Amino acid sequence: MGRRAVERPVGAVTRGTTNPNRLRRMDRWIAAAHGVALCRSADPGGPIAVDLGYGAAPWTAVELLERLRTVCPDVRVVGIEIDPARVEAALPYAREGLTFAHGGFEVPLPGGRRPMLIRAANVLRQYDEHQVAPVWDRLRARLAPGGLLVEGTCDEIGRRHVWVAIGPEGPRTVTFATRLGSLGIPSDLAERLPKALIHRNVPGEPVHAFLRDMDRAWAAASPYAALGARQRWMRTVQEVRADWPVVDGPRRWRQGEVTVRWDALAPRGGEPGV
């Protein structure tokens, strides 16, 4: 008898760089913005969240479970890695509600289950821009009804982070998040734009115009610096929302965030994932 062919995971091995608390800003946003929807899962075993490409150590998957359970106590997290050695190394951290599996963009789950959340942080950074749309399409097709894909990039210790929120129908919003005490100007976040946008930070592209306007408003809000970076940031966002479709409010701005509709920042000449 011939050997049965084993289906290879879809994707490529990443560098695997990870640190504890690196994704805290993304996790907290997901819990605040998507926690209610997450708990509406029709899966009888409870909602499933996937930490896709968690890296060389499983810290981000462990932390995702802890943070999501503050808003959805029965959520389960599956950490998926394309490198089998990383899966093996993560197994000692498995516990009730947290498992690890070998796979890639096909998002293999037991029984063909579909997750309410797929978080893919720092995964597409190594891919070419033209590869983003097919990956988004594949991942959002795996979502359960009402599910969410969150894909983005952050620095090594999580001070600066930009992510795209994508529903089954396509991309919805872009969120910029930063530790305000370390921020020079808002456009410092440009270096952490996700792959769909990072090469579009040039004159004539919407994301470049948005960051330019944020910098101008930040400069105009300099008198608020005496009250602290948080007050300056909040004033900046208040000014910018007159011209840009900001979809969140002061509660999120206080966290050093601003979320804008995707269609306002989408690349000209084609939108990834659509």
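Preceding this paragraph is the structure being described.
Bear in mind the structure is a predicted one, so any value in this text is a computation, not a measurement.

Peer 1: Teacher, can you tell me more about the packing of aromatic side chains here?
Peer 2: The geometry of two aromatic rings is summed up by the distance between their centres and the angle between their planes. Counted under the stated rule, the structure contains 8 aromatic pairs. Measuring from centroid to centroid gives 5.6 Å for Trp-136 and Trp-262, while their planes differ by 70 degrees, and the two rings are edge-to-face. Taken as a pair, Trp-136 in helix α4 (residues 132–141) and Trp-262 in helix α9 (residues 262–265) lie far apart in primary sequence, 126 residues in all. The pair formed by Trp-136 and Trp-262 is uniform in burial state, with each residue classed as buried. With a centroid separation of 5.2 Å and an interplanar angle of 35 degrees, the aromatic rings of Phe-176 and Phe-210 are classed as tilted.

Peer 1: Is there a simple way to explain the pairing of strand β7 (residues 170–178) in this structure?
Peer 2: It is a general feature of regular strands that their side chains alternate between the two faces of the sheet. In terms of burial, β7 is a largely internal element, 8 of the 9 residues being buried. Relative to β7, strand β6 (residues 160–167) runs antiparallel, the two sharing 8 bridges. Along β7, the bridge assignment pairs Val-162 with Phe-176. Between β6 and β7, which pair antiparallel in sequence order, lie 2 residues. Of the pairings in the sheet, the one linking β7 to strand β8 (residues 257–261) comprises 5 bridges and is antiparallel in character. Note on β8: the bridge partner recorded for Phe-176 is Val-258.

Peer 1: I keep staring at the pattern of salt bridges and nothing clicks. Help me out?
Peer 2: Side-chain pairs of opposite charge can arise whenever the charged atoms involved come near each other. Counting across every chain of the model gives 23 salt bridges. A salt bridge links Asp-27 to Arg-67; the nearest nitrogen and oxygen atoms lie 2.7 Å apart. Residue Asp-27 is located in helix α1 (residues 24–38), and its partner Arg-67 is located in helix α2 (residues 59–68); the two are separated by 40 residues in the primary sequence. Across this residue pair, the class does not change: Asp-27 and Arg-67 are buried. Linked through salt bridges whose partners overlap, the residues forming this network are Asp-27, Asp-51, Glu-63, Arg-67 and Arg-119.

Peer 1: I'm lost on the sheet that holds β6 in this one. Help?
Peer 2: Consider a sheet: its strands pair through backbone hydrogen bonds, and that pairing is either parallel or antiparallel. Taken in spatial order, the 8 strands make up an open sheet running β3-β2-β1-β4-β5-β6-β7-β8, and their pairing is mixed. Taken across any chain shown, the strands that pair with only one partner, and hence form the sheet edges, are β3 (98–102) and β8. Sheet twist, expressed as the mean angle between neighbouring strand axes with direction ignored, is 20 degrees. Relative to β3, strand β2 (residues 76–81) runs parallel, the two sharing 5 bridges. Following the sheet pairing, Ile-80 is matched in β3 by Ala-101.

Parameters and conventions
- Residues numbered from 1 in each chain as written.
- Predicted model: local features only at pLDDT ≥ 70, side-chain atom pairs only at ≥ 80, totals over all residues.
- Heavy atoms only, no water.
- Phe/Tyr/Trp six-rings, centres within 6.5 Å; stacked < 30°, edge-to-face > 60°.
- Helix = DSSP H or I, 4+ residues; strand = E, 2+ residues; numbered from the N terminus.
- Buried < 20%, exposed > 50% of the residue type's maximum accessible area, 1.4 Å probe, protein only.
- Pairing = 2+ DSSP bridges.
- Salt bridge = Lys/Arg side-chain N within 4 Å of Asp/Glu carboxyl O.
- Axes fitted to C-alpha atoms, helices over the stretch in contact; angles between N-to-C directions.

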